[in-house]
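Coordinates in review
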Amino acid sequence: MTTKKEAQKRARELREEIALHDHRYYVLDDPIISDAEFDELERELLAIEEQYPDLVTPDSPTQRVGGPPRQELGTVRHTTPMRSLDSLQDEADVRRFYDRCLRELGRDRVPLVGEPKYDGLSVELVYEEGELRVASTRGDGTVGEDVTENVKTIREVPLRLRADSGHAPRRVIARGEVYIPISDFAAFNRRREEAAEKTFANPRNMAAGSLRQLDPKITAERPLRIFFWELVAGSSARPETQWECLQAMQRMGLRTNDKATRLPDLDAAIDWFARIGAQRDRLEYEIDGCVFKVDSLADQAELGIKSSSPRWAVAWKFPPRQRTTRIVAIEAQVGRTGALTPVAQLEPIQLGGVTVANVSLHNQDEIDRKDIRVGDWVLVERAGDVIPHVVQVIVDRRTGREKRYRLPHHCPVCGGEAVKPPGEAITRCVNTSCPAQVKERIRHFGSRGAMDIDGLGDKLVDQLVERGLVRDVAALYDLTVERLIELERLAEKSAQNLIDAIAASRRGVSLGRLLHALGIPGVGRAVAAELAGHFGSLEALEEATEEVLLEMPGIGPTLATSIHAWFADRHNRELLRRLRARGVAPEAAPAAATAGGPLAGKTFVVTGALESMSREEAEEAIRARGGRATGSVSKTTDYLVAGASPGASKMKAAEKHGTEVIDERALLALLGSR
DNA sequence: TAGCCTCGAGTTCA
DNA sequence: CTCGAGGCTA
């Protein structure tokens, strides 16, 4: 435990730091740390002040909710303070909250209302005689900024309330959250980027920046939306529960959220939180958790409030998905095709439940576009796509000691020349026998969509190549158990399994898979299958001229040249000879006689996890019946097959194009129809 | 020639 | 999942 003196010093530091970030966030609309980190600072300060109440100073940020309002916009005093909510991390916290409610109310059950916690900007709207009079931001909780003119530009906000029972209510004070839908945010940023204008880091920042414009014309062009979540005390004809308040607002024309629900007890609340979390990536708006409120307004009044937050409501936060961290170094990785990919090493951070220490920067153009430098503080995101990426550099946190990065002109692995062809984004090591490339080629050869050799892991491939046991994929077929068990971390049993898996791949692998496995530039799963169906055998393809290749659908000049050149290359011919000598003989591909199948002419996209088969199996089954299975939803897609936790972008694309979304049962029915 | 559509390639962590 | 780029089509 720290001494009181240390605590006092730390509290002073925290207050200064929080004041700085408040200013950035509230006054400048340009925060330099993530919300989660800001929350952490506040939590630490609160903890100190709870332990030593006499250390609380009048100017402590815990004694107010936000920052001072900007001078240019008028100010509005809230009738009752707009408080923030205590934020909870885990189930135990929520349990404590609920138990406290039970204890204080002396009951064995307290019904709650659950609502998603929208990641936007809180506002208060005052209606008198049914007409919108004033709209204000939260500001410091007591006094907010007058954003009436800006809020009026939001189409969703009624300028006059719908009369519920003949006449307009005398006075209505409603609070809600202004936000920007994720897809609108992405589209807006894309346009800004094309125009070389500054982009927004996230929808919340964009909503804040849009609502606090001095010129309402600018606000009007921003896709702002709103959800209402509170009917404030003092409103006429206010019902007796939060749930009824939501319904009353909806009837008045104040949009509420359709996910909001009544929860009879704690178990229901915990259950509902998990369900909302599972839907998070498919929502059209950002949420960072769920809010739980005691449903009865009388109970709320009895529970009362603490200094800055109510005792009858809490926010249970999801693990953060956006955080800031520092780039420690950037190094170049070499891929199968020789592509040099810059990867940033980060000071590790917790993001969406996992530790992230590396993030790909893709290529030099990307580094230049975002102006990413070694030593920079960056905002890192790990959204629905799972794979983290750098959103933007926090330019204001630069010290001047950051270093620009350029990909090397020589391969970091073999020292060979690395070339970036003019007009292309990728820099490549041109040495085809570069050990990094050899390793990646072998990995690719054994991978699932290719020869599917179980047990050929990364570490093993490293050892095989480094010890000179394997220089090309044909050499895999010369391996013996005796050779393998000399390697580290490989006992006889697993060595035998690997040998068996390699042997099994000699036969029983389709021509398409083998072609894919060879790693011909530009030839992936789809093109390989197309070639296999058209030529029927490796020999026929080897003899194919560029002209013949060009006649195939989907093969243009670039691919025709690439394929022809690969088979003309002396080393590749030798490789094929060696493979054949070791008994590698793919199954002759059945002629593409699926044109008359039951699914002929239908295009499918499969997303999410299916129960009865893997995604790949589903796609093969579709193709076997004459259908097409592609990777992305477009207007030519007939069906989107959605399994468990489907991809958010695919669901959205389906909605956009009006694609029919079917579940696994419906797919099985279609597959079985014949 | 522009603007889809599709494919290939690379990617994180546990 | 996202990007870049090839191929196809209006």
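**Some thoughts on helix α23 (residues 648–657)**
All of the buried residues along α23 are Ala-648, Ala-653 and Ala-654. The secondary structure elements touched by the buried residues of α23 are β23 (639–642) and β24 (660–662).

**Some details on helix α5 (residues 182–194)**
Taking 1.5 Å per residue as the helical rise, α5 with its 13 residues ought to reach 18 Å, and the 18 Å between its terminal C-alpha atoms agrees with that figure. By the burial criterion, the buried members of α5 are Phe-185, Phe-188, Asn-189 and Arg-192. Mapping the buried residues of α5 onto a view down its axis gives an arc of 100°, with all of them on the same face. Along α5, exposed side chains directed more than 90 degrees from the buried face belong to Arg-190, Arg-191 and Glu-194. Contacts from the buried residues of α5 go to α6 (203–211).

**Some points on the environment of Asp-371**
The topology assignment puts Asp-371 in the loop between α11 (364–370) and β15 (373–374). Separated by 57 residues in the primary sequence, Asp-371 and Arg-428 have C-alpha atoms spaced 22 Å apart. Each residue touching Asp-371, except ones within four places of it in the same chain, is listed here: Asp-376, Val-393, Arg-398 and Arg-404. At 3.0 Å, the side chain of Asp-371 and the side chain of Arg-373 are in polar contact.

**Notes on the protein's contact with DNA strand B**
With respect to spatial proximity, 28 residues lie near DNA strand B, and among them Thr-337, Ala-357, Ile-387, Gly-524 and Lys-635 are the closest. Expressed as a percentage, the sugar and phosphate content of the atoms of DNA strand B within 4 Å of the protein is 92%. Between DNA strand B and Gly-522, the relevant distance is 3.2 Å, taken from a phosphate oxygen to a main-chain nitrogen or oxygen of the residue. Looking at the surface near DNA strand B, the elements with two or more residues in it are β13 (340–351), β14 (354–360), α17 (525–535) and β22 (628–630). Looking at the surface near DNA strand B element by element, the count peaks at 6 residues for β14. Among the residues making up the surface near DNA strand B, the classes are represented as 12 nonpolar, 12 polar and 4 charged.

**What about the packing of aromatic side chains?**
Under the counting rule described, the total for this entry stands at 13 aromatic pairs. The interplanar angle of 75° and the centroid separation of 5.0 Å between the aromatic rings of Phe-227 and Tyr-285 together place this pair among those described as edge-to-face. Taken as a pair, Phe-227 in strand β8 (residues 225–231) and Tyr-285 in the loop between α9 (266–279) and β10 (287–294) lie far apart in primary sequence, 58 residues in all. For the pair Phe-227 and Tyr-285, one class covers both residues: buried. Plain terms: the ring middles of Trp-272 and Phe-292 are 6.0 Å apart, the flat faces sit at 70° to each other, and that makes the pair edge-to-face. Here the residue Trp-272 occupies a position in helix α9, and Phe-292 occupies one in strand β10, the gap between them amounting to 20 residues. With respect to class, Trp-272 is no different from Phe-292; both count as buried. Of the aromatic side chains, those joined through ring pairs into one cluster are Trp-272, Phe-273, Phe-292, Trp-316 and Phe-318. Over the face of the ring belonging to Trp-377 we find Arg-397, whose NZ or CZ atom lies 3.9 Å from the ring centre.

**Concerning the pattern of salt bridges**
One pass over the structure, following the stated rule, counts 45 salt bridges. With a shortest N-O distance of 2.9 Å, Arg-582 and Asp-478 are connected by a salt bridge. Note that Arg-582 is positioned in the loop between α21 (570–581) and β21 (603–607) and Asp-478 in the loop between α13 (458–466) and α14 (481–485), a separation of 104 residues in sequence. Within this structure, Lys-439, Glu-440, Arg-443, Asp-458, Asp-462 and Glu-466 form a network of salt bridges that share partners.

**Topic: the pairing of strand β7 (residues 171–179)**
Within β7, 8 of the 9 residues are buried, leaving the element largely enclosed by the surrounding structure. Examined bridge by bridge, strand β4 (residues 121–128) and β7 share 8 bridges and lie antiparallel to one another. By the bridge assignment for β7, Glu-128 is matched with Arg-171. In this structure, β7 lies alongside β8, joined through 6 bridges in antiparallel fashion. Bridge pairing in β8 places Tyr-179 opposite Arg-225.

**Some thoughts on the packing of helix α20 (residues 557–568) against α21**
Put simply, α20 and α21 touch, their axes get as near as 5 Å, and they point 70° apart. With respect to each other, α20 and α21 are oriented roughly perpendicular. Contact residues: Trp-566, Phe-567 and Ala-568 in α20; Arg-570, Asn-572, Arg-573 and Leu-576 in α21.

**Describing the domain arrangement of chain A**
Domain annotation of chain A identifies domain 1 (4–65), domain 2 (86–317), domain 3 (322–412), domain 4 (432–506), domain 5 (511–589) and domain 6 (592–671). Taken residue by residue, the interface counts 6 residues in domain 3 and 6 residues in domain 4. Summed over both partners, the interface of domain 3 with domain 4 comes to about 450 Å²; 70% of that surface belongs to carbon and sulfur atoms. The three residues of domain 3 that bury the most area against domain 4 are Val-334, Arg-336 and Cys-411, which together make up 84% of that side's buried surface. For the interface between domain 3 and domain 4, the tally reads 0 salt bridges. At the boundary of domain 3 and domain 4, one finds 0 residue pairs in polar contact (both at pLDDT 80 or more). Among the residues making up the side of domain 3 that touches domain 4, the classes are represented as 2 nonpolar, 3 polar and 1 charged.

**Some thoughts on the sheet that holds β23**
With respect to topology, 4 strands assemble into an open sheet ordered β22-β21-β23-β24, the strand pairing being parallel. For this open sheet the edge positions go to β22 and β24, each flanked by a neighbour on one side alone. Looking at each pair of strands side by side, their axes are set apart by 30° on average, direction ignored. Relative to β24, β23 runs parallel, the two being bridged by 3 bridges. Note that in β24 the partner of Val-641 across the bridge is Ile-662. Strands β21, β23 and β24 of the sheet are contacted by α23, whose axis makes an angle of about 145° with β23. Against the sheet, helix α24 (residues 664–672) engages β21, β23 and β24, with an angle of about 95° to β24.

**Re the environment of Lys-152**
Its place among the elements puts Lys-152 in the loop between α4 (148–151) and β7. Sequence separation of Lys-152 and Ala-135 is 17 residues, and the distance between their C-alpha atoms is 8.4 Å. Among all residues touching Lys-152, those that are not within four sequence positions of it are Leu-132 and Leu-159.

**Focus: unusual backbone geometry**
For Ala-237, which is not glycine, the phi dihedral falls at a positive 50°. Structurally, the position occupied by Ala-237 is in the loop between β8 and α8 (242–252). With phi around 55°, Asp-452 is a residue other than glycine that occupies positive phi space. Positionally, Asp-452 belongs in the loop between α12 (435–446) and α13.

About the criteria used
- Residues numbered from 1 in each chain as written.
- Chains lettered and ligands numbered in written order.
- Predicted model: local features only at pLDDT ≥ 70, side-chain atom pairs only at ≥ 80, totals over all residues.
- Heavy atoms only, no water.
- Buried < 20%, exposed > 50% of the residue type's maximum accessible area, 1.4 Å probe, protein only.
- Helix = DSSP H or I, 4+ residues; strand = E, 2+ residues; numbered from the N terminus.
- Contact = heavy atoms within 4.5 Å.
- Expected span 1.5 Å × (residues − 1).
- Arc of directions from axis to C-beta.
- Polar contact = N/O pair within 3.5 Å; in protein donor to acceptor, adjacent residues only side chain to side chain.
- Near = heavy atom within 4 Å.
- Nonpolar A, V, L, I, M, F, W, Y, C, P; charged D, E, K, R; others polar.
- Phe/Tyr/Trp six-rings, centres within 6.5 Å; stacked < 30°, edge-to-face > 60°.
- Lys NZ or Arg CZ within 6 Å of the ring centre and 35° of its normal.
- Salt bridge = Lys/Arg side-chain N within 4 Å of Asp/Glu carboxyl O.
- Pairing = 2+ DSSP bridges.
- Axes fitted to C-alpha atoms, helices over the stretch in contact; angles between N-to-C directions.
- Parallel < 35°, antiparallel > 145°, perpendicular 65-115°, else oblique.
- Domains from an automatic or database assignment.
- Buried area = accessible area lost by both parts, 1.4 Å probe.

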